[in-house]
Amino acid sequence: MAAAIRMPAVFGEAKPEKDLQGRPVLFHAHVEAYGPLRVVATDLHSLAWHRSLALSDLHDLQDDVGIAGSWSDFLAYLHSSLSSGQVKLLIPPAAAPDSGPDLANLVATKAKGLPRITISLDRVAASALNDVIANFSLALYAAYKTRQEQAATEQERVAQLMESLSSEREKNEVMQKQLEALSFLDKRKATKPKLVADQIPSISDVAPESGQVIVPVQQQTSVASPSKVPNTKATKRVAPMSRRARVRGAMLQDTEEEDADG
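Residues numbered from 1 in each chain as written. Predicted model: local features only at pLDDT ≥ 70, side-chain atom pairs only at ≥ 80, totals over all residues. Heavy atoms only, no water.

## A short note on the overall build of the protein
Here is step 1 of the chain: Assigned secondary structure in the protein consists of four helices and eight strands.
Here is step 2 of the chain: Listing every helix and strand of the protein by position from the N terminus yields β-β-β-β-β-α-α-β-β-β-α-α.
Here is step 3 of the chain: Looking at the 262 residues of the protein, the share that counts as buried comes to 21%.
Here is step 4 of the chain: Counting contacts in the protein only where the partners sit at least 6 residues apart, residues at least 24 apart contribute 50% of the total.
Here is step 5 of the chain: With the model as given, the accessible surface of the protein reaches about 19500 Å², and the carbon-plus-sulfur share is 55%. (Helix = DSSP H or I, 4+ residues; strand = E, 2+ residues; numbered from the N terminus. Buried < 20%, exposed > 50% of the residue type's maximum accessible area, 1.4 Å probe, protein only. Contact = heavy atoms within 4.5 Å. Areas by Shrake-Rupley, 256 points an atom, 1.4 Å probe, with all protein chains shown as cover.)

What follows is the structure in structure tokens.
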């Protein structure tokens, strides 16, 4: 039936209503291997109380508390009540504080106004006191080691997450710089042609002066490059037409005079 009792172990302090030799009282509630739920309260010196609750005892406790719901809901409520930090050890008024009471009640409250969990405990016999305190101490140390290992694992996980986060931040910064550089280049490419076009005035923007004719660019005669200018030295100069006429007239006149003389 132990498989039906599934509840994590709980360590805590059970605050006594009256002073018990000036020492605090600690309690431990855990499910034993293939056994019932065992609850031990002790000052780790000379006082100890215990109780083993079988499955039937826990069902009776559920009926006494009046917790509705499933069996797992009751175990969760029991665990929450013992882990709330609101646990007290009630000592009967007739008990002598020096010798220690034979009976004690462990009372746990999950929250104010909710039903209380009350577990009656019997005092541990003197012959078994040392073993009970030793087992309690070993269980407390084992729980401490487990918590320490869990904390170390969590710290290692946090360190890995922080390292991964730092690496991602560096990658994001590099990508952001690359995007900014690309955006700057795109802006320059988009702005430069516009500036050149703005600097070249159009024909319609230039006001023609009086008597000036504006010729479109397509109709302007291109100027021959110096390499295509014909060589004037190799070309024979031809006399103008008027000069050639005068030369021929002079020659004719001379011929007539020679004929007359002849």
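This is not the end of the story, as more comes after the structure.
## As for the pattern of salt bridges
Opposite charge on two side chains lets them pair, provided their charged atoms get close.
Here is step 1 of the chain: Under the counting rule described, the total for this entry stands at three salt bridges.
Here is step 2 of the chain: With a shortest N-O distance of 3.3 Å, aspartate 43 and arginine 23 are connected by a salt bridge. Within this pair, whereas aspartate 43 is found in the loop between β4 (37–42) and β5 (48–53), its partner arginine 23 is found in the loop between β2 (15–16) and β3 (26–31), the two being separated by 20 residues in sequence.
Here is step 3 of the chain: Classification of aspartate 43 as buried rests on a relative accessible area of 7%.
Here is step 4 of the chain: Among the salt bridges present, the one from arginine 38 reaches glutamate 32, with a minimum N-O distance of 3.7 Å.
Here is step 5 of the chain: Residue arginine 38 is classed as buried on the basis of its relative accessible area of 17%. (Salt bridge = Lys/Arg side-chain N within 4 Å of Asp/Glu carboxyl O.)

## Concerning the layout of surface pockets
Here is step 1 of the chain: Put simply, the largest pocket is a space of about 200 Å³.
Here is step 2 of the chain: What lines the largest pocket is simply Ala9, Val10, Phe11, His79, Ser83, Ala143, Thr146, Arg147 and Gln150.
Here is step 3 of the chain: Elements represented by at least two residues in the lining of the largest pocket include exactly β1 (10–13) and α3 (126–199).
Here is step 4 of the chain: With four residues, the top contributor of residues to the lining of the largest pocket is α3. (1 Å grid on protein atoms, 1.4 Å probe; cavity = no way out; pocket = protein on both sides within 12 Å on 5 of 7 lines; lining within 4 Å. Points joined across faces, edges and corners; volume = space filled by probe spheres on them.)

Scope: geometric values only; no functional claims are made or implied.
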